[in-house]
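Structure assessment
Given next are the chains, with one letter for each unit.
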Amino acid sequence: MKEDNFREKRIKMVDSQIRAKGVVGSKVLKVMEKIPRHRFIPENTKAHAYADEPLPIGKGQTISQPYIVAYMTDALNLDGSEKILEIGTGSGYQTAILAEIGREIYTVEVIELLATRAKKVLSELSYTNIQFKLGDGNEGWDEHALYDAILVTAAPPKIPDKLVEQLKIGGRMILPVGVTFQELVYIEKLKNKFRKKKLLPVRFVPLVSMD
Ligand code: SAH
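Everything in this summary refers to the structure shown in the same document. (Residues numbered from 1 in each chain as written. Predicted model: local features only at pLDDT ≥ 70, side-chain atom pairs only at ≥ 80, totals over all residues. Heavy atoms only, no water.)

In terms of regular secondary structure, the protein chain is built from six helices and nine strands. Relative to the compact-globule value of 17 Å for 211 residues, the protein chain shows a C-alpha radius of gyration of 16 Å, a close match. Viewed in the frame of its principal axes, the protein chain has a C-alpha envelope of about 50 × 35 × 35 Å. Looking at the 211 residues of the protein chain, the share that counts as buried comes to 52%. Surface summary for the protein chain: the accessible area is close to 10400 Å², and the carbon and sulfur share equals 51%. (Helix = DSSP H or I, 4+ residues; strand = E, 2+ residues; numbered from the N terminus. Rg over C-alpha atoms; globule rule 2.2 N^0.38 Å. Buried < 20%, exposed > 50% of the residue type's maximum accessible area, 1.4 Å probe, protein only. Areas by Shrake-Rupley, 256 points an atom, 1.4 Å probe, with all protein chains shown as cover.)

Shown next, in the form of structure tokens:
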């Protein structure tokens, strides 16, 4: 398929799957109209790249449905100044979106093959504000903490303490939480407490635990 055809599908995707379902943050919409989602998807699935569904990316993992990617990004309310930690690099698609909107992106993935592939695509697309780490996302990435925002794309059974610790005061985190039943949770860290909101039921791959 030609790049122009992919582009057409992408504009349609944003209109019918994202704008129509109420995500209105114009930056997120603009970026999703621009980023070639098909480049992050294995050859044999590329035809579905702009469909309203999650897709397999190998090693039993999935790239999230476009709407969920948009919803999570929008919820973080980014203004472009942020240092952001992402847990679960996967295909690297969500990473690209964060790199377009945020200032510095730190992304952690536990499966080497996926991390290597994501790194390659993201460098082909000329992103220079992304740092990659191979390791356990439950630990966050201490060396670069504190973060303005944290986005997690695999579900832990409960909110990992280390991630909350690595969030700045005023920082926001969005993550799926749960085992069989999962919910998307939004957290804002305040001085002596945090504000927590449950957003919607979701289905993510598990955030694997290393202990
Ligand atoms: N954001 C990704 C979605 C990937 S699916 C995308 O846009 O494609 C979730 C990813 O989390 C998978 O790649 C999986 O390998 C990774 N993952 C699962 N447990 C992890 C852990 N403990 N630490 C880091 N990454 C983890």
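A few words on the sheet that holds strand β3 (residues 83-87). Strands pair in a sheet through their backbones, by hydrogen bonds, and they do so in one of two ways: parallel or antiparallel. With mixed pairing, the seven strands of this open sheet are ordered in space as β5-β4-β3-β6-β7-β8-β9. Each having just a single partner strand, β5 (130-134) and β9 (194-202) make up the two edges of the open sheet. Taken over all neighbouring pairs, the strand axes of this sheet differ in orientation by 15° on average, direction set aside. Taken together, the seven bridges between strand β7 (residues 167-178) and strand β8 (residues 182-189) define a ladder with antiparallel strand orientation. In the sheet register, Val-177 faces β8, and the bridge partner there is Glu-183. Relative to β5, helix α5 (residues 112-124) is tilted by about 165°, and along the sheet it contacts β4 (104-109) and β5. (Pairing = 2+ DSSP bridges. Axes fitted to C-alpha atoms, helices over the stretch in contact; angles between N-to-C directions. Contact = heavy atoms within 4.5 Å.)

For the rest of this paragraph, the subject is the packing of helix α1 (residues 3-19) against helix α3 (residues 66-75). At a minimum axis distance of 9 Å, the contact between α1 and α3 shows a crossing angle of 70°. With respect to each other, α1 and α3 are oriented roughly perpendicular. Read as a crossing pair, α1 and α3 show a hand that is right-handed. Here Met-13, Gln-17 and Ile-18 of α1 lie close against α3, whose contacting residues are Pro-66, Tyr-67 and Ala-70. Grouping the amino acids of the contact of α1 with α3 by side-chain chemistry returns five nonpolar, one polar and no charged. (Parallel < 35°, antiparallel > 145°, perpendicular 65-115°, else oblique. Left-handed = near helix turned anticlockwise from the far one by under 90°. Nonpolar A, V, L, I, M, F, W, Y, C, P; charged D, E, K, R; others polar.)

This part takes up the nonpolar core. In globular proteins that are soluble, nonpolar side chains generally tend to be buried together. Membership of the largest hydrophobic core comes to 46 residues, with the highest contact counts inside it found for Met-32, Ile-35, Phe-40, Tyr-93 and Ile-97. Where this core is concerned, the elements lending two or more residues are α1, α2 (26-34), β1 (55-58), α3, α4 (93-101), α5, β6 (147-152) and β9. Among the elements that line this core, the one with the most residues is α4, at six residues. With residues near it in sequence (within four places) discarded, Met-32 still touches Arg-10, Met-13, Val-14, Ile-18, Pro-66, Val-69, Ala-70, Tyr-93 and Ile-97. Ranked by size, the runner-up nonpolar core spans 20 residues in total, among them Ile-150, Ile-159, Val-164 and Val-185. (Core = buried A, V, L, I, M, F, W, Y, C linked by side-chain atoms within 4.5 Å.)

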